[in-house]
Amino acid sequence: MKTILTGRTKEVIIDTDGPVIIIGESINPTRRKKLVSSLEAGDFEYVLELARIQINAMADVLDVNVGYPGVDDVKLLPETVQVLQDNFDIPLCLDSPNPKAIEAALMVAKGKCLINSVNGEERSLQALLPLAKEYGAAIIGLVMDDTGITHLPEKRLLIAEKILERAVKMGIKEENVVIDPLAMAVSAETNACLITLETIRLVHQKLGLNITMGASNISFGLPNREILNAAFMALSILNGLTCPIANPEKITATIRATDLILARDEFAIRFVENFQSTL
Ligand code: THG
(Lines give C-alpha, C1' and ligand atoms only; values in the text may rest on other atoms or scores of the structure.)
Protein backbone atom coordinates (compact mmCIF):
# COMPACT_ATOMS: atom_id res chain seq x y z
CA MET A 1 0.00 0.00 0.00
CA LYS A 2 1.41 3.38 -1.02
CA THR A 3 0.30 6.69 0.49
CA ILE A 4 1.67 9.63 -1.47
CA LEU A 5 2.12 13.04 0.17
CA THR A 6 3.49 16.13 -1.57
CA GLY A 7 4.90 19.49 -0.64
CA ARG A 8 5.02 22.30 -3.18
CA THR A 9 6.72 19.88 -5.59
CA LYS A 10 8.43 17.16 -3.53
CA GLU A 11 6.75 13.77 -3.33
CA VAL A 12 7.08 11.37 -0.40
CA ILE A 13 5.84 7.80 -0.69
CA ILE A 14 4.80 6.01 2.49
CA ASP A 15 5.01 2.37 1.45
CA THR A 16 4.01 -0.59 3.60
CA ASP A 17 7.00 -2.38 2.12
CA GLY A 18 9.29 0.29 3.62
CA PRO A 19 11.58 2.11 4.17
CA VAL A 20 10.14 3.92 7.17
CA ILE A 21 9.02 7.54 6.65
CA ILE A 22 9.75 9.94 9.52
CA ILE A 23 7.15 12.57 10.44
CA GLY A 24 9.00 15.16 12.57
CA GLU A 25 7.13 15.97 15.79
CA SER A 26 8.94 19.08 17.00
CA ILE A 27 6.61 21.82 15.73
CA ASN A 28 4.40 21.33 18.77
CA PRO A 29 3.92 23.65 21.75
CA THR A 30 4.15 20.76 24.26
CA ARG A 31 7.07 21.85 26.46
CA ARG A 32 7.99 24.49 23.89
CA LYS A 33 6.39 27.67 25.17
CA LYS A 34 8.79 29.63 22.97
CA LEU A 35 6.95 28.28 19.93
CA VAL A 36 3.63 29.79 21.01
CA SER A 37 5.08 33.11 22.17
CA SER A 38 7.13 33.59 18.99
CA LEU A 39 4.25 32.68 16.68
CA GLU A 40 1.83 34.93 18.54
CA ALA A 41 4.31 37.78 18.18
CA GLY A 42 4.31 37.12 14.41
CA ASP A 43 7.89 35.86 14.58
CA PHE A 44 8.37 32.73 12.44
CA GLU A 45 12.16 32.35 12.90
CA TYR A 46 11.84 29.70 15.61
CA VAL A 47 9.35 27.56 13.70
CA LEU A 48 11.64 27.75 10.65
CA GLU A 49 14.59 26.70 12.81
CA LEU A 50 12.62 23.70 14.15
CA ALA A 51 11.81 22.76 10.54
CA ARG A 52 15.44 23.12 9.42
CA ILE A 53 16.79 21.02 12.30
CA GLN A 54 14.32 18.21 11.61
CA ILE A 55 14.91 18.23 7.84
CA ASN A 56 18.68 18.02 8.47
CA ALA A 57 17.98 15.08 10.79
CA MET A 58 16.19 13.29 7.90
CA ALA A 59 12.54 14.09 8.59
CA ASP A 60 10.49 13.24 5.46
CA VAL A 61 7.30 15.03 6.57
CA LEU A 62 6.71 17.69 9.24
CA ASP A 63 3.86 17.54 11.75
CA VAL A 64 2.56 21.07 12.34
CA ASN A 65 0.77 21.65 15.63
CA VAL A 66 0.31 25.16 17.00
CA GLY A 67 -2.57 24.38 19.37
CA TYR A 68 -2.33 25.80 22.85
CA PRO A 69 -4.99 27.15 25.24
CA GLY A 70 -5.90 30.65 24.14
CA VAL A 71 -4.30 30.34 20.69
CA ASP A 72 -6.45 31.08 17.63
CA ASP A 73 -5.27 28.16 15.53
CA VAL A 74 -7.81 28.88 12.77
CA LYS A 75 -5.57 31.87 12.05
CA LEU A 76 -2.21 30.52 13.20
CA LEU A 77 -2.18 27.06 11.59
CA PRO A 78 -2.63 28.35 8.00
CA GLU A 79 -0.13 31.18 8.62
CA THR A 80 2.45 28.68 9.86
CA VAL A 81 1.78 26.34 6.92
CA GLN A 82 2.29 29.21 4.51
CA VAL A 83 5.58 30.31 6.04
CA LEU A 84 6.87 26.72 6.13
CA GLN A 85 5.92 26.17 2.48
CA ASP A 86 7.52 29.48 1.43
CA ASN A 87 10.80 28.13 2.82
CA PHE A 88 10.70 24.34 2.47
CA ASP A 89 9.34 21.80 0.00
CA ILE A 90 8.66 19.04 2.56
CA PRO A 91 5.07 17.62 2.82
CA LEU A 92 3.11 18.60 5.94
CA CYS A 93 0.95 16.79 8.48
CA LEU A 94 -1.71 19.19 9.82
CA ASP A 95 -2.16 18.43 13.52
CA SER A 96 -5.18 19.97 15.25
CA PRO A 97 -8.29 18.77 17.06
CA ASN A 98 -10.12 21.72 15.49
CA PRO A 99 -11.64 20.90 12.05
CA LYS A 100 -11.92 24.65 11.32
CA ALA A 101 -8.15 25.05 11.74
CA ILE A 102 -7.54 22.00 9.53
CA GLU A 103 -9.81 23.42 6.82
CA ALA A 104 -8.18 26.85 6.99
CA ALA A 105 -4.76 25.20 6.62
CA LEU A 106 -5.90 23.00 3.72
CA MET A 107 -7.16 26.10 1.92
CA VAL A 108 -3.67 27.64 1.81
CA ALA A 109 -1.52 24.49 1.66
CA LYS A 110 0.11 23.52 -1.61
CA GLY A 111 0.46 19.85 -2.50
CA LYS A 112 -1.12 16.92 -0.66
CA CYS A 113 -1.18 17.04 3.14
CA LEU A 114 -1.85 14.45 5.80
CA ILE A 115 -4.72 15.44 8.13
CA ASN A 116 -4.00 14.64 11.81
CA SER A 117 -6.55 13.37 12.72
CA VAL A 118 -10.00 11.82 12.51
CA ASN A 119 -11.30 9.23 15.00
CA GLY A 120 -14.24 6.80 15.12
CA GLU A 121 -16.64 9.34 16.67
CA GLU A 122 -19.52 10.28 14.42
CA ARG A 123 -18.87 13.98 14.90
CA SER A 124 -15.22 13.62 13.91
CA LEU A 125 -15.99 11.48 10.84
CA GLN A 126 -18.62 13.94 9.65
CA ALA A 127 -16.40 16.98 10.11
CA LEU A 128 -13.16 15.65 8.63
CA LEU A 129 -13.85 13.02 5.96
CA PRO A 130 -15.51 15.59 3.63
CA LEU A 131 -12.44 17.84 4.02
CA ALA A 132 -10.08 15.01 3.09
CA LYS A 133 -12.22 14.28 0.03
CA GLU A 134 -12.58 17.92 -1.04
CA TYR A 135 -8.89 18.79 -0.71
CA GLY A 136 -7.53 15.41 -1.85
CA ALA A 137 -5.67 14.98 1.44
CA ALA A 138 -4.69 11.78 3.21
CA ILE A 139 -5.99 11.29 6.75
CA ILE A 140 -4.84 9.71 10.00
CA GLY A 141 -7.50 7.61 11.76
CA LEU A 142 -7.12 7.30 15.54
CA VAL A 143 -8.59 4.06 16.85
CA MET A 144 -10.82 5.58 19.51
CA ASP A 145 -14.52 6.50 19.45
CA ASP A 146 -17.46 7.80 21.52
CA THR A 147 -16.86 5.04 24.05
CA GLY A 148 -13.29 6.26 24.63
CA ILE A 149 -10.09 4.22 24.34
CA THR A 150 -10.27 0.45 24.58
CA HIS A 151 -7.45 -1.74 25.88
CA LEU A 152 -8.44 -4.54 23.52
CA PRO A 153 -6.43 -4.67 20.25
CA GLU A 154 -9.29 -6.48 18.47
CA LYS A 155 -11.61 -3.60 19.32
CA ARG A 156 -9.05 -1.06 18.16
CA LEU A 157 -8.93 -2.98 14.86
CA LEU A 158 -12.73 -2.75 14.59
CA ILE A 159 -12.54 1.05 14.91
CA ALA A 160 -9.82 1.15 12.25
CA GLU A 161 -12.09 -0.90 9.97
CA LYS A 162 -14.99 1.47 10.63
CA ILE A 163 -12.93 4.57 9.82
CA LEU A 164 -11.65 2.93 6.62
CA GLU A 165 -15.15 1.90 5.58
CA ARG A 166 -16.56 5.40 6.16
CA ALA A 167 -13.66 6.99 4.29
CA VAL A 168 -14.08 4.70 1.28
CA LYS A 169 -17.84 5.42 1.27
CA MET A 170 -16.99 9.13 1.12
CA GLY A 171 -14.90 8.45 -1.99
CA ILE A 172 -11.50 8.60 -0.26
CA LYS A 173 -9.07 6.01 -1.57
CA GLU A 174 -8.02 3.27 0.82
CA GLU A 175 -4.37 4.24 0.47
CA ASN A 176 -5.15 7.70 1.81
CA VAL A 177 -6.17 6.32 5.19
CA VAL A 178 -3.30 5.94 7.67
CA ILE A 179 -4.11 4.29 11.00
CA ASP A 180 -2.86 5.43 14.42
CA PRO A 181 -3.04 2.46 16.87
CA LEU A 182 -2.60 4.84 19.89
CA ALA A 183 0.69 4.89 21.74
CA MET A 184 0.32 5.72 25.43
CA ALA A 185 2.56 6.12 28.43
CA VAL A 186 3.89 2.77 29.66
CA SER A 187 4.56 4.40 33.03
CA ALA A 188 0.79 4.66 33.55
CA GLU A 189 -0.24 1.25 32.20
CA THR A 190 2.01 -1.80 32.14
CA ASN A 191 0.32 -3.26 29.04
CA ALA A 192 0.22 0.00 27.07
CA CYS A 193 3.02 -0.85 24.63
CA LEU A 194 1.97 -4.47 24.21
CA ILE A 195 -1.57 -3.38 23.28
CA THR A 196 -0.18 -0.93 20.71
CA LEU A 197 2.18 -3.52 19.23
CA GLU A 198 -0.65 -6.03 18.85
CA THR A 199 -2.92 -3.39 17.28
CA ILE A 200 -0.16 -2.54 14.78
CA ARG A 201 0.21 -6.22 13.90
CA LEU A 202 -3.55 -6.66 13.40
CA VAL A 203 -4.02 -3.49 11.31
CA HIS A 204 -1.00 -4.40 9.17
CA GLN A 205 -2.11 -7.99 8.67
CA LYS A 206 -5.87 -7.52 8.24
CA LEU A 207 -6.09 -4.11 6.51
CA GLY A 208 -2.61 -3.66 4.99
CA LEU A 209 -2.76 0.09 5.62
CA ASN A 210 0.05 2.47 6.46
CA ILE A 211 0.47 3.02 10.20
CA THR A 212 1.64 6.07 12.17
CA MET A 213 1.71 6.96 15.89
CA GLY A 214 3.08 9.54 18.30
CA ALA A 215 5.95 7.24 19.13
CA SER A 216 7.50 9.30 21.93
CA ASN A 217 4.26 9.26 23.93
CA ILE A 218 5.18 5.90 25.47
CA SER A 219 8.10 7.22 27.51
CA PHE A 220 6.40 10.16 29.23
CA GLY A 221 7.24 10.30 32.92
CA LEU A 222 10.27 7.98 32.73
CA PRO A 223 14.04 8.51 32.66
CA ASN A 224 16.19 7.37 29.74
CA ARG A 225 13.40 8.10 27.27
CA GLU A 226 15.63 7.75 24.22
CA ILE A 227 16.44 4.09 24.90
CA LEU A 228 12.83 3.25 25.65
CA ASN A 229 11.66 5.03 22.50
CA ALA A 230 14.32 3.25 20.42
CA ALA A 231 13.41 -0.23 21.67
CA PHE A 232 9.71 0.40 21.07
CA MET A 233 10.41 1.85 17.63
CA ALA A 234 12.26 -1.26 16.44
CA LEU A 235 9.52 -3.60 17.66
CA SER A 236 6.78 -1.41 16.17
CA ILE A 237 8.47 -1.30 12.76
CA LEU A 238 8.77 -5.09 12.76
CA ASN A 239 5.02 -5.30 13.41
CA GLY A 240 4.04 -2.87 10.62
CA LEU A 241 4.59 0.75 11.70
CA THR A 242 5.50 2.73 8.56
CA CYS A 243 5.40 6.48 9.36
CA PRO A 244 6.00 7.34 13.03
CA ILE A 245 5.61 10.88 14.37
CA ALA A 246 8.82 11.31 16.38
CA ASN A 247 11.86 13.49 16.98
CA PRO A 248 14.22 12.76 14.05
CA GLU A 249 17.22 14.15 15.92
CA LYS A 250 16.85 11.28 18.36
CA ILE A 251 15.21 8.46 16.40
CA THR A 252 16.56 8.51 12.82
CA ALA A 253 19.59 6.33 13.64
CA THR A 254 17.37 3.64 15.20
CA ILE A 255 14.99 3.75 12.24
CA ARG A 256 17.77 3.45 9.66
CA ALA A 257 19.28 0.56 11.64
CA THR A 258 15.91 -1.22 11.79
CA ASP A 259 15.29 -0.74 8.05
CA LEU A 260 18.72 -2.22 7.33
CA ILE A 261 18.06 -5.21 9.60
CA LEU A 262 14.70 -5.80 7.88
CA ALA A 263 16.34 -5.81 4.41
CA ARG A 264 14.78 -2.54 3.30
CA ASP A 265 18.10 -0.80 2.66
CA GLU A 266 20.10 -2.44 -0.10
CA PHE A 267 23.88 -1.98 0.29
CA ALA A 268 23.14 -0.10 3.57
CA ILE A 269 22.98 3.13 1.56
CA ARG A 270 20.47 4.92 3.80
CA PHE A 271 22.13 3.71 7.01
CA VAL A 272 25.53 4.98 5.87
CA GLU A 273 24.06 8.23 4.49
CA ASN A 274 22.68 9.03 7.93
CA PHE A 275 25.97 8.15 9.62
CA GLN A 276 27.89 10.46 7.28
CA SER A 277 25.46 13.31 7.85
CA THR A 278 26.17 13.16 11.59
CA LEU A 279 29.98 13.35 11.18
N1 THG B 1 -0.87 10.61 17.36
C2 THG B 1 -1.07 11.50 16.36
N3 THG B 1 -0.64 12.77 16.45
C4 THG B 1 0.00 13.19 17.57
C5 THG B 1 0.23 12.31 18.62
C6 THG B 1 -0.22 10.97 18.50
N7 THG B 1 0.44 14.48 17.66
C8 THG B 1 0.94 15.01 18.90
C9 THG B 1 1.71 13.93 19.64
N10 THG B 1 0.92 12.74 19.74
C11 THG B 1 3.00 13.65 18.89
N12 THG B 1 3.89 14.77 18.98
C13 THG B 1 4.76 14.95 20.06
C14 THG B 1 5.47 16.12 20.13
C15 THG B 1 6.42 16.29 21.14
C16 THG B 1 6.63 15.27 22.07
C17 THG B 1 5.88 14.12 21.99
C18 THG B 1 4.95 13.96 20.99
C19 THG B 1 7.68 15.36 23.12
N20 THG B 1 8.32 16.46 23.30
C21 THG B 1 9.43 16.53 24.22
C22 THG B 1 8.97 16.47 25.70
O23 THG B 1 7.79 16.67 25.98
O24 THG B 1 9.78 16.19 26.54
C25 THG B 1 10.21 17.77 23.91
C26 THG B 1 11.68 17.52 23.83
C27 THG B 1 12.14 16.59 22.73
O28 THG B 1 12.18 17.00 21.54
O29 THG B 1 12.50 15.44 23.06
O30 THG B 1 7.97 14.40 23.78
O31 THG B 1 -0.07 10.13 19.39
N32 THG B 1 -1.71 11.07 15.25
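Everything discussed here concerns the structure shown above.
Residues numbered from 1 in each chain as written. Predicted model: local features only at pLDDT ≥ 70, side-chain atom pairs only at ≥ 80, totals over all residues. Heavy atoms only, no water.

In terms of helices and strands, the protein chain carries 10 helices and 10 strands. Here the C-alpha radius of gyration of the protein chain, 18 Å, is about what a compact globule of 279 residues would show, namely 19 Å. Overall size of the protein chain, expressed as C-alpha extent along the three principal axes, is 50 × 45 × 35 Å. Burial status across the protein chain gives 54% buried among its 279 residues. Taken as a whole, the protein chain presents about 12500 Å² of accessible surface, with 55% of it coming from carbon and sulfur. In the protein chain, which carries 27 positive and 36 negative side-chain charges, the distance between the mean positions of the two groups comes to 1 Å. (Helix = DSSP H or I, 4+ residues; strand = E, 2+ residues; numbered from the N terminus. Rg over C-alpha atoms; globule rule 2.2 N^0.38 Å. Buried < 20%, exposed > 50% of the residue type's maximum accessible area, 1.4 Å probe, protein only. Areas by Shrake-Rupley, 256 points an atom, 1.4 Å probe, with all protein chains shown as cover. Lys, Arg positive; Asp, Glu negative; His and termini not counted. Charge placed at Lys NZ, Arg CZ, Asp CG, Glu CD.)

What follows is about the site of the ligand. In the neighbourhood of the ligand, 17 residues make up the surrounding shell, with Asp95, Asn116, Asp180, Asn217 and Lys250 lying closest. Separating an oxygen atom of the ligand from a backbone N or O atom of Gly214 is a distance of 3.3 Å. Here an oxygen atom of the ligand and a side-chain polar atom of Arg225 are 3.1 Å apart. Contact with the protein chains hides 82% of the accessible area of the ligand, taken as 660 Å² for the molecule alone. When atoms are counted within 2 Å of each cavity's grid points, the one that captures over half of the ligand is the largest pocket. For the shell around the ligand, a count of residues per class yields 4 nonpolar, 6 polar and 7 charged. (Near = heavy atom within 4 Å. Polar contact = N/O pair within 3.5 Å; in protein donor to acceptor, adjacent residues only side chain to side chain. 1 Å grid on protein atoms, 1.4 Å probe; cavity = no way out; pocket = protein on both sides within 12 Å on 5 of 7 lines; lining within 4 Å. Sits in = over half its atoms within 2 Å of the grid points. Nonpolar A, V, L, I, M, F, W, Y, C, P; charged D, E, K, R; others polar.)

A surface patch of nonpolar side chains, amounting to about 200 Å² of accessible area, comprises Leu260, Phe271 and Val272. Tracing the backbone shows Leu260 in helix H9 (residues 248–261). (Patch = residues over 30% accessible without salt bridge, like charges linked within 9 Å, V, L, I, M, F, W, Y side chains within 5 Å. Salt bridge = Lys/Arg side-chain N within 4 Å of Asp/Glu carboxyl O.)

Within the secondary structure, Asn116 is located in strand E6 (residues 114–119). Classification of Asn116 as buried rests on a relative accessible area of 8%. Separated by 3.1 Å, the side chains of Asn116 and Asp63 make a polar contact. Discounting residues that sit within four places of it in the chain, Asn116 has contacts with Asp63, Cys93, Leu94, Asp95, Ser96, Ile102, Ile140 and Ile245. (Contact = heavy atoms within 4.5 Å.)

What follows deals with unusual backbone geometry. With omega at -5°, the peptide bond leading from Gly18 into Pro19 counts as cis. By the element assignment, Pro19 lies in the loop between strand E2 (11–15) and strand E3 (23–27). With phi around 75°, Leu182 is a residue other than glycine that occupies positive phi space. Its location among the elements puts Leu182 in the loop between strand E8 (177–180) and helix H7 (192–206). Despite not being glycine, Asn224 has its phi angle at roughly 55°, a positive value.

Strands sit in the order E9-E8-E7-E6-E5-E4-E3-E10 across an open sheet of 8 strands; the sheet is parallel. Every other strand in the sheet has two partners, leaving strand E9 (210–211) and strand E10 (245–246) as the edge strands with one partner each. Here E6 pairs with strand E7 (residues 138–142) via 4 bridges, running parallel. In the strand pairing of E7, Leu114 is matched with Ala138. (Pairing = 2+ DSSP bridges.)

Looking now at the pattern of salt bridges. Summed over all chains, the structure comprises 7 salt bridges. With its nearest N and O atoms 3.4 Å apart, the salt bridge here joins Lys75 to Glu79. Of this pair, Lys75 and Glu79 both sit in helix H3 (residues 73–87), 4 residues apart, which is roughly one turn of that helix. Taking relative accessible area as the criterion, Glu79 reaches 27% and is therefore assigned partly exposed. Taking the shortest distance from any N to any O, the salt bridge between Arg264 and Asp259 comes out at 3.4 Å.

Another aspect to go through is the packing of H3 against helix H4 (residues 99–108). Where H3 meets H4, the closest approach of the two axes is 8 Å, and the angle between their N-to-C directions is 30°. On the basis of their axis angle, the class for H3 and H4 is roughly parallel. Crossing of H3 against H4: the hand is right-handed. Here H3 contributes Asp73, Val74, Leu77, Pro78, Val81, Gln82 and Gln85 to the contact with H4, which in turn contributes Lys100, Ala101, Ile102, Ala104, Ala105 and Val108. In terms of residue class, the contact of H3 with H4 is made up of 9 nonpolar, 2 polar and 2 charged. (Axes fitted to C-alpha atoms, helices over the stretch in contact; angles between N-to-C directions. Parallel < 35°, antiparallel > 145°, perpendicular 65-115°, else oblique. Left-handed = near helix turned anticlockwise from the far one by under 90°.)

The next thing to look at is helix H2 (residues 45–56). Along its 12 residues, H2 runs 16 Å from first to last C-alpha, staying within 8% of the 16 Å computed at 1.5 Å per residue. Of all the residues in H2, the buried ones are Tyr46, Val47, Leu48, Leu50, Ala51 and Gln54. Those residues of H2 that are buried are in contact with E3, helix H1 (33–40), strand E4 (61–64), H3 and H9. Looking one or two places after H2, you find Met58, whose phi comes out positive at around 80°. (Expected span 1.5 Å × (residues − 1).)

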